[in-house]
Amino acid sequence: MADPNKNTARREDSDGSGYWTANLRLIYISLVIWALVSFGFGILLRPLLSSIKIGGTDLGFWFAQQGSILVFLALIFFYAWRMNKLDRDYGVDEE
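Residues numbered from 1 in each chain as written. Predicted model: local features only at pLDDT ≥ 70, side-chain atom pairs only at ≥ 80, totals over all residues. Heavy atoms only, no water.

The subject of this paragraph is helix α4 (residues 59–90). At Gln66, α4 is bent by approximately 50°, the largest bend along its length. Buried within α4 are the following residues: Leu59, Gly60, Phe63, Gly67, Ser68, Leu75, Met83, Leu86 and Asp87. Those residues of α4 that are buried lie in contact with α2 (17–44), α3 (46–49), β1 (53–54) and β2 (57–58). For α4, the capping residue at the N-terminal end is Asp58, with a side-chain oxygen 3.0 Å from the backbone nitrogen of Phe61. Once α4 ends, the next one or two residues include Gly91, with phi positive near 70°. (Bend = angle between axes of the 7 residues up to and from the residue. Helix = DSSP H or I, 4+ residues; strand = E, 2+ residues; numbered from the N terminus. Buried < 20%, exposed > 50% of the residue type's maximum accessible area, 1.4 Å probe, protein only. Contact = heavy atoms within 4.5 Å. Polar contact = N/O pair within 3.5 Å; in protein donor to acceptor, adjacent residues only side chain to side chain.)

As structure tokens, this is what we get:
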């Protein structure tokens, strides 16, 4: 059964501004998370995190070397999943 909200969203947003607003919001949130983890935890907050040990090293070093990469990979998969859902909601999916 078709979702009536999908058709409403498509009709009200014929110029695509709602789609791009949602897309840009997702990009901005992802960039803030990435910057917080890579720059914030790995560089700025490293002295505060140095007392916490993980895997034989301090947590600040772990975020700077491995944690930021793992969070970045998780953000890539989250962004792809969320964009597929957004595409379906606005009727611009590839299927």
